[in-house]
Amino acid sequence: MENGSSALRWRLTNSLTRNMVSPELVEQWRVRLAEWQERLALGRPRPWLANAYVRVLSFLLKQYTSGDHPAPPPAAADTPPPDRPAMPLIVAADDVSGKPPRGGGDIRSVLEALKANSPPAEPGPLAAGLPADDPIVVASFYHPGLAAGLEHDLLAAGIDARRQRFRRQTQVVVRAGDLEHARRVVAAHAKFGRDSIRFRRQYASLFSTVGGRLGAVVGLFVGAFAGCMADDVSVFLLTTLGVASVAVPLLWVLGLVAGTIVDD
């Protein structure tokens, strides 16, 4: 009974699909089939591709049309030209069926056996959290003054805090047991303690600019003094340019070095 219903469903599906195929598409299949058959007859390269197209198109025409259609070429057409040897297809084994799949009960039993034979994992030293006396960093600042201010606020709140340097920043360290209490102090300090490259003044740029301008002023002052002593405008100009050409780069470099030290 089941086989009869399956055959009926197949016939209905085939009939609906056949009605959906347009005559234009069928004609395209006919033209393509003739082209690939001609290619096989002429012995063109890649006969396996032409043979595959011929079989697929012949199958489609047989399924979705009625009447006789050109049959696939004989087996001799599958033979490639003498100058293009073909690799023979060798079937390694006729029987490719393997073991039946395992059921859920078999898989579950194997997993339970693996779990029973696995040694229990021992908890690590930090499974319960950090010890109360261990140090923990609560904030880091580029500006040392902000770190000192936070340390002062923490000490005023009764929290043991200290500062330490880490690369270009100053870290504020508290005990792990005081972390929850320190969170409120750090949050209050962060409302006005804005410390970043965006909000922080770059003293290296400021000091170098001031140093360059100061060098120009020194050159102008020395040139004016020399010009007044010699009572000659040319002496004033030459002295000003000479002193400024030395003082401006010298004081600019000194300002840059001083600003870099302050920034770090």
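Scroll up to find the structure this text is about.
The residue numbering used here restarts from 1 in each chain and proceeds along that chain's sequence as written. With the structure being a predicted model, the display of local features is reserved for residues of pLDDT at least 70 and the display and counting of side-chain atom pairs for 80 or more, all residues being used for whole-chain, interface and lining totals. To obtain the side-chain values, all non-hydrogen atoms of the structure were used and water was disregarded.

Comments concerning the nonpolar core
Alright, step 1. Core analysis: the biggest nonpolar cluster contains 15 residues, and V138, F141, L150, L154, I159, V172 and V174 have the highest contact counts within it.
Alright, step 2. Looking at this core, the elements with two or more residues in it are β1 (135-141), α5 (144-156), β3 (169-175) and α6 (179-190).
Alright, step 3. If near-sequence neighbours (up to four positions away) are discounted, L154 is found in contact with I159, A161, V172, V174, A182 and V185.
Alright, step 4. Formed by 10 residues, the second largest nonpolar core is a distinct cluster that contains L33, L40, L57 and L61. The term nonpolar core refers to a set of buried residues drawn from Ala, Val, Leu, Ile, Met, Phe, Trp, Tyr and Cys, joined through side-chain atoms within 4.5 Å. With a 1.4 Å probe rolled over the protein chains alone, any residue whose accessible area is under 20% of its type maximum counts as buried; one over 50% counts as exposed, and the rest are partly exposed. Secondary structure elements are taken from DSSP: a helix is a run of H or I of four residues or more, a strand is a run of E of two residues or more, and numbering for both begins at the N terminus. We call two residues contacting when some pair of their heavy atoms lies within 4.5 Å.

Points about the packing of aromatic side chains
In this description, an aromatic ring pair is defined by two values, namely the gap between the centres and the angle between the planes.
Alright, step 1. Two aromatic rings from Phe, Tyr or Trp, using only the six-membered ring of Trp, form a pair when their centres are within 6.5 Å; if the ring planes differ by under 30 degrees the pair is stacked, by over 60 it is edge-to-face, and anything between is tilted. Considering all chains together, one arrives at one aromatic pair under this definition.
Alright, step 2. Ring centres of W36 and Y53 lie 4.4 Å apart, and the angle between their planes is 5°; this geometry places the pair in the stacked category. In this pair, W36 is assigned in helix α2 (residues 23-41) and Y53 in helix α3 (residues 47-64), connecting sequence segments 17 residues apart.
Alright, step 3. Above the ring of Y53, the side-chain terminus of R32 is found at 6.0 Å from the ring centroid. For a ring to carry a charge above it, either NZ of a lysine or CZ of an arginine must fall within 6 Å of the ring centroid while also lying within 35 degrees of the normal to the ring plane.

Points about α2
Alright, step 1. The span expected for a helix works out to 1.5 Å for each residue beyond the first. Here α2 spans 27 Å end to end across 19 residues, near enough to the 27 Å set by a 1.5 Å rise per residue.
Alright, step 2. For α2, the full list of buried residues reads V26, W29, L33, W36, Q37 and L40. Buried residues of α2 fall within an arc of 100° about the axis and therefore sit on the same side. The exposed residues of α2 that point more than 90 degrees off its buried face are E24 and E38.
Alright, step 3. On the buried face of α2, the contacting elements are α3.
Alright, step 4. Phi turns positive one or two residues past the end of α2, at G43, with a value near 70°. Relevant arc is that of directions from the helix axis to the C-beta atoms, nothing else.

Description of the pairing of β3
Looking along a regular strand, one sees the side chains alternate between the two faces of the sheet.
Alright, step 1. The element β3 is largely enclosed, with a buried count of five among its seven residues.
Alright, step 2. Whether two strands pair depends on DSSP finding at least two bridges between them. Pairing geometry for strand β2 (residues 161-166) and β3, over six bridges, is antiparallel. For R165, the partnering residue across the bridge sits in β3 and is T170.
Alright, step 3. Two successive antiparallel strands, β2 and β3, enclose a turn made up of two residues, where R167 displays a positive phi of approximately 55°.

What about the sheet that holds β2?
In a beta sheet, neighbouring strands pair by backbone hydrogen bonds and run either parallel or antiparallel.
Alright, step 1. Taken in spatial order, the three strands make up an open sheet running β1-β3-β2, and their pairing is antiparallel. The open sheet has two edge strands with one neighbour each: β1 and β2. The average undirected angle you get between the axes of adjacent strands in this sheet is 35°.
Alright, step 2. Working convention: axes come from line fits to C-alpha atoms, limited for helices to the stretch in contact. Angles between N-to-C directions cover 0 to 180 degrees. Sheet contacts for α5: β1, β2 and β3; angle to β2, the most-contacted strand, approximately 160°.
Alright, step 3. Running over the sheet, α6 touches β1 and β3 and is turned about 5° from β1.

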